Amino acid sequence: EIRGFIFDLDGVLTDTAEYHYRAWQRLADEEGLPFNREANEALRGVSRRASLLLIIGNHRQYSEEQIQEMMERKNRYYVDSIENISASDLLPGALNLLDELRQAGIKIALGSASKNARTVIEKLGIADRMDAIADGYSVENPKPAPDLFLFAAKELGLEPAQCLVVEDAASGVEAALAGGMWAVGLGTESRVGAAHVVLPSLEGVHWEDIKAKLNDAAK
Ligand code: BG6
Ligand code: MG
């Protein structure tokens, strides 16, 4: 039985995935590195450092110092771009589902790779709805390793099999499955098809519907 939900943040509760993309695009353009929206799909849910290394590929050689500088530069662009986000930047359906889960007595955790996650949920006005927070400071190994979600489950006092992860990233779905958790993927089959249940978004999604779909998936 599911007793806890672990929500990814960027691309699930709010569309900051778009801001991450724009910040990387700006950096890539400045560096003359090839990058576009399509290439960005592989960066969803991926840590800051791993994202940069994916963009660099074998196009150029950078020193560790240059890599650090580029990570900081991208983060500045990102932090500037989220300065004015507010509750109106919650994606459709997110708040309603959080409310329903609370009503149903289900615990809620954040499971985001981002070091900016706390700032973002505070701006969105949902920080007080989280029973636990796992963010970019919580564990060493990034998604697709299950560590971040296992940390969140532990903080909730639950077993992995009692937890359901909501993710928009292939790496996040992989991490949830590796941790022995249930996974709901948001987006296309090609991106999150490995999840137990795939939905286009949280819009109009109710806890009862997810429960029914998971029962079907378990058959
Ligand atoms: C994830 C995002 O939530 O956090 C990634 O999906 C991002 O795009 C990662 O790279 C790390 O975020 P930050 O804010 O620590 O650079
Ligand atoms: Mg995400």
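Heads up: the structure comes first, above all this text.
Residues numbered from 1 in each chain as written. Chains lettered and ligands numbered in written order. Predicted model: local features only at pLDDT ≥ 70, side-chain atom pairs only at ≥ 80, totals over all residues. Heavy atoms only, no water.

Please provide a residue-by-residue account of the overall build of the protein, values included.
A tally of helices and strands in the protein yields 10 helices and six strands. Here the C-alpha radius of gyration of the protein, 17 Å, is about what a compact globule of 219 residues would show, namely 17 Å. Within the span of the protein, comprising 219 residues, buried residues form 48% of the whole. Within the protein, contacts between residues at least 6 apart in sequence are counted, and of these 60% link residues at least 24 apart. (Helix = DSSP H or I, 4+ residues; strand = E, 2+ residues; numbered from the N terminus. Rg over C-alpha atoms; globule rule 2.2 N^0.38 Å. Buried < 20%, exposed > 50% of the residue type's maximum accessible area, 1.4 Å probe, protein only. Contact = heavy atoms within 4.5 Å.)

Would you mind going over the sheet that holds strand 5 (residues 182-186) in detail, with residue names and values included?
In spatial order, the strands read 3-2-1-4-5-6; together these six strands make up an open sheet with parallel pairing. Two strands close off the open sheet at either side, each with one partner strand: strand 3 (132-134) and strand 6 (197-199). The average undirected angle you get between the axes of adjacent strands in this sheet is 20°. By the bridge criterion, four bridges tie strand 1 (residues 4-7) to strand 4 (residues 163-167) in an arrangement that is parallel. By the bridge assignment for strand 4, Phe-7 is matched with Val-166. Taken strand by strand, helix 8 (residues 170-178) contacts strand 4 and strand 5, and its axis lies near 170° from that of strand 5. (Pairing = 2+ DSSP bridges. Axes fitted to C-alpha atoms, helices over the stretch in contact; angles between N-to-C directions.)

An account of the pairing of strand 4 is requested, with residue identities and associated values reported.
Across the five residues of strand 4, five count as buried, placing the element largely inside the fold. Going residue by residue along strand 4, you find Cys-163, Val-165 and Glu-167 tucked away on one face and Leu-164 and Val-166 tucked away on the opposite face as well. Where strand 4 and strand 5 come together, four bridges link them in parallel fashion. Within the sheet, the bridge partner assigned to Glu-167 lies in strand 5 and is Gly-185.

Please give an account of the layout of surface pockets that cites residues and values.
Put simply, the largest pocket is a space of about 670 Å³. Val-46, Ser-47, Arg-48, Ala-113 and Ser-114 are the residues nearest the centre of the largest pocket, which is lined by 34 residues in total. Secondary-structure elements contributing two or more residues to the lining of the largest pocket are helix 1 (16-31), helix 3 (48-56) and helix 4 (64-81). Its residues assigned to classes, the lining of the largest pocket comprises 12 nonpolar, 11 polar and 11 charged. For the second largest pocket, the calculated volume is near 210 Å³. Ranked by residue count, the leading element in the lining of the second largest pocket is helix 10 (residues 207-218), at five residues. Residue composition of the lining of the second largest pocket, by class: eight nonpolar, one polar and three charged. (1 Å grid on protein atoms, 1.4 Å probe; cavity = no way out; pocket = protein on both sides within 12 Å on 5 of 7 lines; lining within 4 Å. Points joined across faces, edges and corners; volume = space filled by probe spheres on them. Nonpolar A, V, L, I, M, F, W, Y, C, P; charged D, E, K, R; others polar.)

A description of the pairing of strand 5 should follow, citing residues and the corresponding values.
Successive residues of a regular strand alternate their side chains across the two faces of the sheet. Burial runs high along strand 5: four of the five residues are buried. Once you follow strand 4 into helix 8 and on to strand 5, the crossover reads as right-handed. By the bridge criterion, three bridges tie strand 5 to strand 6 in an arrangement that is parallel. What sits directly across from Val-184, in strand 6, is Val-197. (Right-handed = clockwise from strand over helix to strand, strands pointing away.)

Outline the site of ligand 1, listing residues and values.
Around ligand 1, the structure places 13 residues, and the nearest of them are Asp-10, Arg-48, Ser-114, Lys-115 and Asn-116. Asn-116 places a side-chain nitrogen or oxygen 2.7 Å from an oxygen atom of ligand 1. Calculation on ligand 1 without its partners gives an accessible area of 390 Å², and the protein chains cover 97% of this total. The residue makeup of the shell around ligand 1, split by class, is three nonpolar, seven polar and three charged. (Near = heavy atom within 4 Å. Polar contact = N/O pair within 3.5 Å; in protein donor to acceptor, adjacent residues only side chain to side chain. Areas by Shrake-Rupley, 256 points an atom, 1.4 Å probe, with all protein chains shown as cover.)

Tell me what's going on with unusual backbone geometry, and back it up with residues and numbers.
The omega torsion across Lys-143 and Pro-144 is 15°, close enough to zero to call that bond cis. Note on placement: Pro-144 falls in the loop between strand 3 and helix 7 (147-156).

So, the environment of Pro-146: which residues are in play, and what are the values?
Tracing the sequence through the fold places Pro-146 in the loop between strand 3 and helix 7. For Pro-146, a relative accessible area of 18% translates into the label buried. Along the primary structure Pro-146 and Gly-179 are separated by 33 residues, whereas in three dimensions their C-alpha atoms are 4.9 Å apart. Apart from residues no more than four positions distant in its own chain, Pro-146 is found in contact with Ala-175, Ala-178 and Gly-179.

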